Amino acid sequence: MKHILPLWTLPAGAALLAGCGNTTQKEATDCNLRQKPNIVYLIADDLGIGDLSCYGATQISTPNIDRLAGQGAQFTNAYATSSTSTPSRFGLLTGMYPWRQENTGIAPGNSELIIDTACVTLADMFHAEGYTTAAIGKWHLGLGPKGGTDFNTLIRPNTQDIGFDYEYIIPATVDRVPCVFVENGRVAGLDPNDPITVSYDHKVGHWPTGLENPELVTLKPSQGHNNTIINGIPRIGWMTGGKAALWNDEEIADVITSKAKDFIINHQDRPFFLYMGTQDVHVPRVPHPRFAGKSGMGTRGDVILQLDWTVGEIMHTLDSLHLADNTIFVFCSDNGPVIDDGYQDQALELLNGHTPMKHYRGGKYSAYEAGTRIPFIVRWPLGIQPCKQQALFSMIDVYASLAALLNHPLTPDSVAPDSRDRLATLLGKDNNECNHYIVQQNLNNTLSIIQGTWKYIEPSDKPAIEYWTRMELGNDTKPQLYNISIDPSETNNVAEAHPETVRALSALLEQVKAGKEREIK
Ligand code: NG6
Ligand code: CA
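Residues numbered from 1 in each chain as written. Chains lettered and ligands numbered in written order. Predicted model: local features only at pLDDT ≥ 70, side-chain atom pairs only at ≥ 80, totals over all residues. Heavy atoms only, no water.

Draft legend 1. Region of the structure containing the overall build of the protein. Of the regular secondary structure elements, the protein holds 11 helices and 22 strands. For 521 residues, the compact-globule estimate of 2.2 N^0.38 gives 24 Å, and the protein sits close to it at 22 Å. Counting only C-alpha atoms and orienting by the principal axes, one finds that the protein spans roughly 70 × 65 × 45 Å. The buried share of the protein, reckoned over its 521 residues, is 60%. If you take every contact in the protein between residues at least 6 apart in sequence, the share linking residues at least 24 apart comes to 71%. By element, 52% of the accessible surface of the protein is carried by carbon and sulfur atoms, the whole surface being about 19,700 Å². Charge-centre separation for the protein: the mean point of 41 positive side chains lies 3 Å from the mean point of 58 negative side chains. (Helix = DSSP H or I, 4+ residues; strand = E, 2+ residues; numbered from the N terminus. Rg over C-alpha atoms; globule rule 2.2 N^0.38 Å. Buried < 20%, exposed > 50% of the residue type's maximum accessible area, 1.4 Å probe, protein only. Contact = heavy atoms within 4.5 Å. Areas by Shrake-Rupley, 256 points an atom, 1.4 Å probe, with all protein chains shown as cover. Lys, Arg positive; Asp, Glu negative; His and termini not counted. Charge placed at Lys NZ, Arg CZ, Asp CG, Glu CD.)

Rendered as structure tokens:
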């Protein structure tokens, strides 16, 4: 595969001669480093491909994300590895399918760090290439050792043990305790005289819970979410202590956006990799007052506006520092959208004709298209011509593709074992590989594989419906085969009419499970 690459990817001497003139070795190295593109990887939570005006939404306007899309490659066939957050993010950062490891289901707020510190992560790769790296915002991959995180000491291992120089993170999700930020292994703003206790088994301390004190709740649950009440919102899990460190839900977007901006400003002179996870648009959806009521669609719409503002702030920061041209800005979601995800926030009643899933079946949790098909935008003015990218792309392949861009070898084979070099696709070019395939996972680990126009969902006897969201998980005891180019809504299972395609895709999926992708041509 041939790419047109910037100067610094030429053999070192050539790049230095061409780009950096007559300089000392150190100056030359610095100069060479400076030419590497910065990476901003901004991953939204539970955002649907139908939630953005650049993807056809008409009831809501997302001007900043639209502008990003208009200046870059806007993918129309991009997929997350999984239909929930923890495994999806695990796949991105490790380049390994999460279903190869046991503890990659939706992580509680006191989960151990589920990425092995021996793993060479995407952040490690950038670090080895001279980048400064940061994880800011939603994390949801656990922290600390097995047996329950202790939030009162320096939490190790943290993201700094897997390649990040700086972290300012929400440990899990905004609906899970503890409701605090962690900065470089320590709870930000913690008063040592008011230690935090967290449990996911039983009530700890005396703070009211949604179950016992429903009268204290300002946002009622529709399912679960009836443990400790923080800021009027009942969460998943129990906590007590750490009062001074508790976040204010209305300010989370402002806080993490300002941390991300500071990181960019403070590291503008060297290449950086910023991995930023927004809490928007996950439940509980709590917009800042300046966005509240602005979408006419209730809080789910309001936090989409808040998310768009966040993207705009990062774009302005890059512009003001003249960094935008040589920054690869990826914007995507971690999994598909969900309307009622456990709080009575009237998201369904106020949709007003808006379609977060577009015309796709299922949603978050599902093996059907709306489970993993995501908005995915890559802007890099120096390296990408604005385009609509229709090629199939999976987030699992980001790692090897960016490694290819940096000419960084992925050795030994245990490094990013499932990630393949799709750099041409990532840069908006057509690679004409019609036999390319991608693999996705639903909530109950049923796998599906897409190749060309065909999508095969393996048979599974796991539950077929997520009862509280009424979401179809997409698995069935029978094999399913859809021609998604003519039947994108997956209404017609044609497995019986095409037994040879079912056999071929099922065999390919078995090869992938056996870890033989790099041998598959
Ligand atoms: C579910 C939660 C849901 C959300 C999800 C994780 C209930 C009823 N539902 O168990 O609200 O937190 O887990 O979402 O508790 S994710 O996007 O982080 O994967
Ligand atoms: Ca999510």
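This is not the end of the story, as more comes after the structure.
Draft legend 2. Broad picture of the coordination of the calcium ion (ligand 2). Surrounding the calcium ion (ligand 2) are the protein donor atoms Asp45 (OD), Asp46 (OD), Asp334 (OD), Asp334 (OD) and Asn335 (OD1), at 2.2 to 2.8 Å. Ordering the donors of the calcium ion (ligand 2) by residue number gives the pattern D-D-x287-D-N. Taken together, the residues Asp46 in the loop between β1 (38-44) and α3 (63-70) and Asp334 in the loop between β13 (327-333) and α8 (369-372) connect sequence positions 288 residues apart. Take Asp46: its relative accessible area is 1%, and that puts it in the buried class. Overall, the relative accessible area of 0% leaves Asp334 in the buried class. (Donors = N, O, S within 2.8 Å, 3.2 Å for Na, K, Ca; no water.)

Draft legend 3. Geometry of the site of ligand 1. By nearness alone, 20 residues border ligand 1, and Ser85, Asp175, Arg176, Asp341 and Lys364 come closest of all. Here an oxygen atom of ligand 1 sits 3.0 Å away from a polar atom, N or O, in the side chain of Lys138. Protein contacts shield 92% of the accessible area of ligand 1, which totals 460 Å² for the unbound molecule. Counted by class, the shell around ligand 1 contains 5 nonpolar, 8 polar and 7 charged residues. (Near = heavy atom within 4 Å. Polar contact = N/O pair within 3.5 Å; in protein donor to acceptor, adjacent residues only side chain to side chain. Nonpolar A, V, L, I, M, F, W, Y, C, P; charged D, E, K, R; others polar.)

Draft legend 4. The packing of helix α6 (residues 252-266) against helix α7 (residues 298-320), seen in detail. At a minimum axis distance of 10 Å, the contact between α6 and α7 shows a crossing angle of 15°. Relative to α7, the element α6 is oriented roughly parallel. For the element pair α6 and α7, the recorded crossing hand is right-handed. For the pair formed by α6 and α7, the contact residues are Ala253, Asp254, Thr257, Ala260, Lys261, Ile264 and Ile265 on the first element and Gln306, Trp309, Thr310, Glu313, Ile314, Thr317 and Leu318 on the second. Partitioning the contact of α6 with α7 into residue classes produces 7 nonpolar, 4 polar and 3 charged. (Axes fitted to C-alpha atoms, helices over the stretch in contact; angles between N-to-C directions. Parallel < 35°, antiparallel > 145°, perpendicular 65-115°, else oblique. Left-handed = near helix turned anticlockwise from the far one by under 90°.)

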